Amino acid sequence: MRTVYEFSVKDRKGKDVSLKEYANEVLLIVNTATKCGFTPQYEELEKLYRAHHSEGFEILDFPCNQFGQQAPGTDESIHEFCKLNFGTEFPRFKKVKVNGEDADPLFKFLKEQKGFAGWDMEHPIAHILDDMLTKADPKYKENADIKWNFTKFLINKKGQVVARFEPTEKIENIEKQIKDLLK
């Protein structure tokens, strides 16, 4: 069975990082943006990180500018924004593409493992996204592409993708699954 440990990514300074460095940890891999309606999720993610990091939990943050150009700036300016505005301490990597032919290989793999999980339609932004994406492609729900910023993939201690959470998913639901994997 394939795992995320087969992949290397670039840190925000351009250095190669093997995901083997995170072996035996529970990971939450997130594509993010600094100018998005979901950007305040950085605060929730940092709380989650601080609550469970000492138990073997890590968040890997991959800025992505593919959705409405909502991650402008350099890798360093994005990092500074997140530290200044949300106090984030979790690792942030080089900006990536998550969809299309030139998508980062890690994100191609993640999407192969877990397709679109569906919106939590109780979230106030869910209907807006659904309407917008349906107008662009009435069958958008059928492909595994990442639909928007702050899509999250949960990885177990063996490096296997166990869940995908769309940006409308409640953080409490994600935390429950993280706790189960940390046991």
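Since we're looking at a predicted model, the values are computed, not measured.

Visitor: Any details on the sheet that holds strand β4 (residues 57-63)? Residues and values, ideally.
Guide: Reading across from one edge, β4-β3-β5-β6 is the order of the 4 strands in this open sheet, with mixed pairing throughout. Each of the sheet's edge strands pairs with one partner strand only, and the pair in question is β4 and β6 (161-165). For this sheet the average axis-to-axis angle between neighbouring strands, irrespective of direction, equals 20°. Here helix α1 (residues 41-52) sits on the sheet and contacts β3 (26-32), β4 and β5 (152-155); the angle it forms with β4, its principal contact strand, is near 155°.

Visitor: I'd like a rundown of helix α5 (residues 171-182), residues and numbers included.
Guide: Helix length check: α5 (12 residues) gives 16 Å between terminal C-alpha atoms against 16 Å at 1.5 Å per residue, within 8%. Within the sequence span of α5, burial applies to Ile171, Ile174, Ile178 and Leu182. All buried residues of α5 project into a common sector of 75° when viewed along the axis, lining one side. Where the residues of α5 are buried, they touch β3, α1, β4, β5 and β6.

Visitor: Could you give an account of the nonpolar core, with specific residues and numbers?
Guide: Ranked by size, the top nonpolar core spans 55 residues in total, and within it Val4, Leu28, Ile29, Phe62, Leu106, Phe107 and Leu110 carry the most contacts. The biggest single contributor to this core is β3, with 5 residues. The contact partners of Phe107, leaving out residues within four places of it in the chain, are Ile29, Asn31, Phe62, Val96, Val98 and Ile146.

Procedures and definitions
- All residue numbers refer to positions counted from 1 along the written sequence of the respective chain.
- Only residues with pLDDT of at least 70 are given local features in this predicted model, and only at 80 or more are side-chain atom pairs given and counted; all residues enter the totals for whole chains, interfaces and linings.
- The side-chain figures draw on all heavy atoms in the structure; neither hydrogens nor water molecules are used.
- Between any two strands, pairing holds if DSSP finds at least two bridges.
- Helix and strand labels come from DSSP, where a helix needs a run of H or I of at least four residues and a strand needs a run of E of at least two; each type is numbered from the N terminus.
- Helix axes are fitted to C-alpha atoms over the stretch in contact, other axes to C-alpha atoms as well, and angles between N-to-C directions run from 0 to 180 degrees.
- Throughout, a residue-residue contact means that at least one pair of heavy atoms, one from each residue, lies within 4.5 Å.
- Helix span, as expected, comes to 1.5 Å for every residue beyond the first.
- Relative accessibility under 20% of the residue-type maximum defines a buried residue, over 50% an exposed one, and the middle range a partly exposed one, all with a 1.4 Å probe and only protein chains included.
- Taken from the helix axis, the directions to the C-beta atoms give the arc we talk about.
- In this description, a nonpolar core means a group of buried Ala, Val, Leu, Ile, Met, Phe, Trp, Tyr and Cys residues linked to one another through side-chain atoms lying within 4.5 Å.

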